[in-house]
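Tertiary structure, described
Listed here are the chains, written in short residue letters.
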Amino acid sequence: MATGRRSGSRGDAIVLLLLIVAAGSIYTNATNFQPVSDSHRSAAVEIFTPVDGSFESIEETYEAVQTFKILGIEAKPDVRVTACTSVSEVLGASSSPLKELFYALKVSSLLKCDGSQFEATASRLKSIPSNAKSLNDLYYSIAALVLIKNQSPEADVLLDDADGVFQAIKALSQSDGRWRYSSDNPASSTYAAGMALEALAGVISLATKDIGKSRINVVKSDILKLFDSIEKYDDGTFYFDDKSGTVSSLATTSSVVQGVTAFASAASGTLNLPEDKILGLTKYFLSIGIPGDAKEFFNQVNSVSCLENSRVSIPLILTLPATVISLTKKDKLKVKVTTALSSRSPPLSVKVVSASISGSKDVSVIENQELVFDEEGALHVLDLPASIDVGKYIFVFEIVFHNSKDGKIYAPGGQTKVPVHVSGTIKIEKFEISVLDSDVGSIDTQKQLNFETENDVSLDANHLQKLRLSFQLSTPQGNAFKPHQAILKLKHEKAEHIFMIGNSGKHFQVILDFLGLVEKFFYLSGRYDIQLTVGDTVMENSFYQAIGHVELDLPEAPEKAPRPPLQSVDPFLRYGAKGEISHIFRSPEKRPPENLSLAFLVLTLLPFLGFLVGLLKLGLNLKNFPSASVPAMFAILFHVGIGAILSLYALFWLKMDLFTTLKTLSLLGAFAMFVGHRILSHVASSSSKLKSA
Amino acid sequence: MARSTGDDAITLFHSLRSAYTATPKNLKIIDLYVAFAVSTALIQVAYMAMVGSFPFNSFLSGVLSSVGTAVLAVCLRIQVNKENKEFKDLTPERAYADFILCNLVLHLVIMNFLG
């Protein structure tokens, strides 16, 4: 017998990774799309809430009103009143931009507001399409005229030069099916293509004379070229992407869907769009679920409604309200087929083409079984065969119409794959734990376990023995079952160890050979609690149980033995103060010893003393000092002034800054200069008098 | 030969000394002042040589103060000297006033640079 399993964590991770990879590959092309339902309605009421009874702009008013209409929600009367008021405001203002007029007319047509301003608006708008240069202008003006025509048929909105306008719009198209916004802007966009197609549809309905069939066929081929550029996700949804990056793919796809369905309704003849792409587009919108943003919500609901009401094929969505079927509760398989807006489908039946365990090549359990239609719940129901076992299946469904003509109108989309979990109760038998003597394998102690009740066995073992845990798992049908998790955990006060339980067929067993695990257990003897976990998604009775404990007697740890990992640190210590950081400052310059500096200070002052002594020796006198009072005063003041300036310098060095010093200096300097000038000129004049005399 | 050179030096020194005593007193005062300023500068340089020039700006300002005032005193001496024909029209008082003013400006700059 191999020495016990290595630590289970690494093996566990690999198994998990493989399962994820396998799951990823299984579930491509197998998804469950939910149609628009009541949860959408309640979300819509929450998202589209008016502030003080009215919405922020006429565009938001239109989005809210249209969404409520499609979902069948009654708009509150005060909302209607405020909306109609803002509509008449916009229509009445002569400077309203085209875009706002368009939205106002849309709201008016949905809420049936008062139509007295239509004549004036129509006359304003009538001349725009012939002269418009940009796609935006053409789109909004034509759409507005169509809305006026629908609301008041006697208004004068028809275009005389419809053919010219048609050509003008067509001129902006590109060869790949996309459209430009105007003739001077070379950038093309798929979003613009949607707008252009809707505008062309509008022109057709406003034309006094019919637009030629050849022109319409050219546009139809443009639409097909546009559909060539459609993109696809792995789960079967299709969408359009605007390469310019400024518009989201949701908005672009909505625009194209609106344009194509409008054109298909307006143009004569049929438009043959591939059925799988129509269904794929519907699934794209449904795959968003319930959007959180008002604009996304509107785009989703509006586009789904366009697809449903169009002359192009109407997609049918097949969903399962519950994808987990329990064998113990004897659940039945239920399937619902509706349109994207959850309205009734035409009479049809659903067939299970095959149902096989995902990832396996086994033969399918169900073959070509038709479901029974339950009138009250509008569901198709199937009793699962008695021989079906637990597991993860992929069911393949197919829709068959009772009326063959329905096949042309509706698009069921071929075969739909849906993942289904069949769950049940797993039987556990022969559940026992035993301590074996090594090598010989003879049983020292053996205890039977019962997994329905709590177990609390107490075992003793030493390092020369082995611990064996074994049980048998079988499905309700009696087949072998391998759960996702079968883990044994031995928990000591200081460490815990995890082991995977392997199997051969039904028999699960793990043997822990303590001789080989002594080092892994860090030589820790003592009480180890035993815990067992067995679980799987299809196992209804997955459990996690404490089985008991084993007193393990291991030898003493040698010198170099690994220590068990430290217990986790008290979280308060982790966030406590960190150690002090000692900064390394630049070492200060070496200064001379103080005595030396003082000695030199004295030395520096010596020459000054020598100067004074020399002056005395030379016989310095103050004979020339003026004796008369006024000059004397000036002389004194002059010397005082110079002394003041020098003391100002001393003060400047000690504490003042340059600017205050300069301010004071300018005052003192001016004073000193004045006084000095007086005294010196006096001295000069007196000495010159002396010289001349 | 060496003795005559030595004698010549002593003779030169004596003649310079006697000539010097003939200079007017105010010029001698100025000469004394210049000697005082230069010796102060020399002592500062000797100190720096001993202890290193760490606050270099202080050293510079000290030395420049002494040397600057010596230079200005020399200019004053030139201007005041009656034997100097170039500055005959310039009164000594005017020269003195210039000396004072330049000194004050010099010392303002020095005090700013002293740090």
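The name that an unreviewed UniProt entry assigns to chain B is Dolichyl-diphosphooligosaccharide--protein glycosyltransferase subunit DAD1, with the source organism given as Trapa incisa. As recorded by UniProt, the Sequence similarities (unreviewed entry) comment attached to chain B reads in full: "Belongs to the DAD/OST2 family." For the record of chain B, the UniProt heading Subcellular location (unreviewed entry) holds the text "Endoplasmic reticulum membrane".

Chain A appears in an unreviewed UniProt entry as Dolichyl-diphosphooligosaccharide--protein glycosyltransferase subunit 2 from Trapa incisa. Reading the Subunit (unreviewed entry) entry of the UniProt record for chain A gives the comment "Component of the oligosaccharyltransferase (OST) complex." Recorded in UniProt for chain A, the comment headed Sequence similarities (unreviewed entry) runs: "Belongs to the SWP1 family."

A look at the overall build of chain A
From N to C terminus, chain A includes 20 helices and 24 strands. Expressed as a percentage of its 693 residues, the buried residues of chain A come to 45%. The long-range share in chain A, meaning contacts at least 24 apart out of those at least 6 apart in sequence, stands at 71%. Of the roughly 37100 Å² of accessible surface on chain A, a fraction of 56% belongs to carbon and sulfur atoms.

Looking at the packing of aromatic side chains
Enumeration according to the criterion identifies 28 aromatic pairs over all chains in this entry. Considering the side-chain rings of Phe611(A) and Phe36(B), the 5.2 Å spacing of their centres and the 20° angle between planes classify their relative orientation as stacked. Linking Phe611(A) in helix 18 (residues 594-618) with Phe36(B) in helix 2 (residues 25-51), this pair reaches from one chain into another. Look at Phe634(A) and Phe674(A): their rings are 6.5 Å apart centre to centre, the planes differ by 85°, and that puts the pair in the edge-to-face class. Separated by 40 residues along the polypeptide, Phe634(A) in helix 19 (residues 629-654) and Phe674(A) in helix 20 (residues 658-692) bring together distant segments of the chain. Taken together, the ring pairs connect Tyr62(A), Phe102(A), Tyr103(A), Tyr139(A), Tyr140(A) and Phe298(A) into an aromatic cluster.

Some points on the interface of chain B and chain A
When the parts of a complex come together, some accessible area is lost, and that lost area is often used as the size of the interface. Facing the 27 residues of chain B at the interface are 33 residues of chain A. A buried area of about 2800 Å², summed over both sides, lies between chain B and chain A, and 82% of it is on carbon and sulfur atoms. Ranking the residues of chain B by area buried against chain A places Glu93(B), Leu108(B) and Met111(B) at the top, with a combined share of 20%. At the junction of chain B and chain A, the tally comes to zero salt bridges.

Focus on the state of the cysteines
Evaluated as defined, the whole model comprises zero disulfides over all chains. Just so you know, Cys75(B) is unpaired, no disulfide at all, and the nearest cysteine sulfur is the one on Cys102(B), 8.0 Å from it.

Regarding the UniProt feature "transmembrane region" (unreviewed entry) in chain B
Residue and element names in this part refer to chain B. The feature "transmembrane region" (unreviewed entry), as annotated in UniProt, sits at residues 32-50, 56-76 and 96-114 in this numbering. Its end C-alpha atoms 27 Å apart, residues 32-50 is made of 100% helix and 0% strand. A helix fraction of 100% and a strand fraction of 0% characterise residues 96-114, whose end C-alpha atoms lie 26 Å from each other.

Here we look at the sheet that holds strand 15 (residues 427-437) of chain A
Residues and elements named next belong to chain A. The strand order 16-15-18-22-21 describes an open sheet built from five strands, whose pairing is antiparallel. With one partner strand each, in any of the chains shown, strand 16 (443-448) and strand 21 (502-504) form the two edges of the open sheet. Within this sheet the neighbouring strands show an average axis-to-axis angle of 25°, counted without direction. Bridging between strand 18 (residues 465-474) and strand 22 (residues 507-513) involves seven bridges; their strand directions are antiparallel. From the neighbouring strand, Leu467 faces strand 22, where its bridge partner is Leu512.

Examining the pattern of salt bridges
Residue and element names in this part refer to chain A. Across all of its chains, the model carries 13 salt bridges over all chains by this definition. Among the ionic pairs, Asp222 bridges to Lys170, the shortest N-O distance being 2.9 Å. One end of the pair, Asp222, is in helix 11 (residues 213-228); the other, Lys170, is in helix 9 (residues 162-171), and 52 residues separate them in sequence. The same class applies to Asp222 and to Lys170, which are both buried. Between Lys489 and Glu496 there is a salt bridge, and its shortest N-O distance comes to 3.7 Å. By relative accessible area, Glu496 is classed as partly exposed at 41%. Look at the salt bridges and you will find they share partners, linking Glu59, Glu63 and Lys295 into a network.

Let's talk about empty space enclosed by the protein
Residues and elements named next belong to chain A. A full pass over the atoms with the stated rule returns two cavities of 30 Å³ or more. Within this model, the largest cavity holds a volume of roughly 50 Å³. Thr31, Phe33, Leu279, Lys283, Leu316, Ile317, Leu318, Pro412 and Thr416 are the residues that line the largest cavity. At the level of elements, helix 13 (275-286) and strand 5 (314-319) are the ones that each hand at least two residues to the lining of the largest cavity. The volume enclosed by the second largest cavity comes to roughly 50 Å³. Lining the second largest cavity are Phe227, Val257, Val260, Thr261, Leu273, Ile278, Leu281, Leu307 and Val312. Of all the elements in the fold, those that place two or more residues in the lining of the second largest cavity are helix 12 (249-266) and helix 13. At three residues, the largest contribution of residues to the lining of the second largest cavity is made by helix 12.

Points about the sheet that holds strand 6 (residues 324-326) of chain A
Residue and element names in this part refer to chain A. With mixed pairing, the five strands of this open sheet are ordered in space as 6-14-12-8-9. Of all strands in the sheet, those bounded by a partner on one side alone are strand 6 and strand 9 (366-370). Each neighbouring strand pair of the sheet contributes to a mean axis angle of 30°, computed without reference to strand direction.

Let's talk about the environment of Leu517(A)
Residue and element names in this part refer to chain A. Structurally, Leu517 is set in helix 16 (residues 514-517). When the C-alpha positions of Leu517 and His463 are compared, they lie 8.5 Å apart, and in sequence the two are 54 residues distant. Beyond its immediate chain neighbours, meaning those up to four positions away, Leu517 contacts Phe499 and Leu512.

Considering the packing of helix 3 (residues 58-71) of chain A against helix 14 (residues 294-308) of chain A
All names here are of chain A. Contact geometry for helix 3 and helix 14: axes closest at 9 Å, N-to-C directions at 45°. It follows from the interaxial angle that helix 3 and helix 14 lie oblique. Considering how the two elements wind past one another, helix 3 and helix 14 form a crossing that is left-handed. Here helix 3 contributes Glu59, Tyr62, Glu63, Gln66, Thr67, Ile70 and Leu71 to the contact with helix 14, which in turn contributes Ala294, Lys295, Phe297, Phe298, Val301, Asn302 and Ser305. Of the residues assigned to the contact of helix 3 with helix 14, the class counts are seven nonpolar, four polar and three charged.

Focus: the environment of Thr270(A)
Within the element layout of this structure, Thr270(A) appears in the loop between helix 12 and helix 13. When the C-alpha atoms of Thr270(A) and Arg311(A) are compared, they prove to be 8.1 Å apart, with 41 residues separating the residues in sequence.

Notes on the packing of helix 2 (residues 38-47) of chain A against helix 14 of chain A
All names here are of chain A. With their axes 10 Å apart at the nearest point, helix 2 and helix 14 run at an angle of 140° to one another. Taken together, the axes of helix 2 and helix 14 lie oblique to each other. In terms of crossing hand, the pair formed by helix 2 and helix 14 is left-handed. Contacts between helix 2 and helix 14 involve His40, Ala43, Ala44 and Ile47 from the former and Ala294, Phe297 and Gln300 from the latter. Here the residues of the contact of helix 2 with helix 14 sort into five nonpolar, two polar and no charged.

Conventions and cut-offs
- Numbers given for residues are sequential positions, taken from 1 along each chain in its written order.
- Chains and ligands are labelled by the order in which they are written, letters from A for the one and numbers from 1 for the other.
- With pLDDT at 70 or above as the cut-off, local features in this predicted model cover only qualifying residues; side-chain atom pairs require 80 or more to be listed or tallied, and sums for whole chains, interfaces and linings still use all residues.
- For side-chain calculations, the full set of non-hydrogen atoms in the structure is used, while hydrogens and water are omitted.
- UniProt positions are given in the numbering used here, feature names are shortened, and annotations may be inferred rather than shown by experiment.
- Secondary structure elements follow DSSP: runs of H or I no shorter than four residues count as helices, runs of E no shorter than two count as strands, and numbering proceeds from the N terminus.
- Here's how the labels work: a residue is buried when its accessible area is under 20% of the maximum for its type, exposed when over 50%, partly exposed in between, all with a 1.4 Å probe on protein chains only.
- Only heavy atoms matter for contacts: two residues are in contact if any of them lie within 4.5 Å across the pair.
- The protein chains shown are the only cover counted for residues, whose accessible areas, like all others here, come from Shrake-Rupley with a 1.4 Å probe.
- For this analysis, a ring pair means two rings from Phe, Tyr or Trp (six-membered ring only for Trp) whose centres lie within 6.5 Å, classed as stacked if their planes differ by under 30 degrees, edge-to-face if by over 60, and tilted for the remaining angles.
- Put simply, buried area is the surface a 1.4 Å probe can reach on two separate parts but cannot reach once they are joined, added for both.
- One speaks of a salt bridge when a side-chain nitrogen belonging to Lys or Arg is within 4 Å of a carboxyl oxygen belonging to Asp or Glu.
- Disulfide assignment relies on a single distance test, namely cysteine sulfur atoms paired within 2.5 Å.
- If DSSP finds at least two bridges between two strands, the strands pair.
- Here an axis means a line fitted to C-alpha atoms, over the contact stretch when the element is a helix, while the angle between two N-to-C directions is reported on a 0 to 180 degree scale.
- Lining residues are those with an atom within 4 Å of a point, where the points come from a 1 Å grid over the protein atoms alone and group into cavities, where a 1.4 Å probe fits but cannot get out, or pockets, open sets with protein on both sides within 12 Å along at least five of seven lines.
- Grid points are joined across faces, edges and corners, and a volume is the space filled by probe spheres set on the points.
- With respect to orientation, any angle under 35 degrees is reported as roughly parallel, any angle over 145 as roughly antiparallel, any angle of 65 to 115 as roughly perpendicular, and every other angle as oblique.
- For a crossing to be left-handed, the near helix must be turned anticlockwise from the far one by less than a right angle; the clockwise case is right-handed.
- Each residue is assigned to one class: nonpolar for Ala, Val, Leu, Ile, Met, Phe, Trp, Tyr, Cys and Pro, charged for Asp, Glu, Lys and Arg, and polar for all the others, Gly among them.

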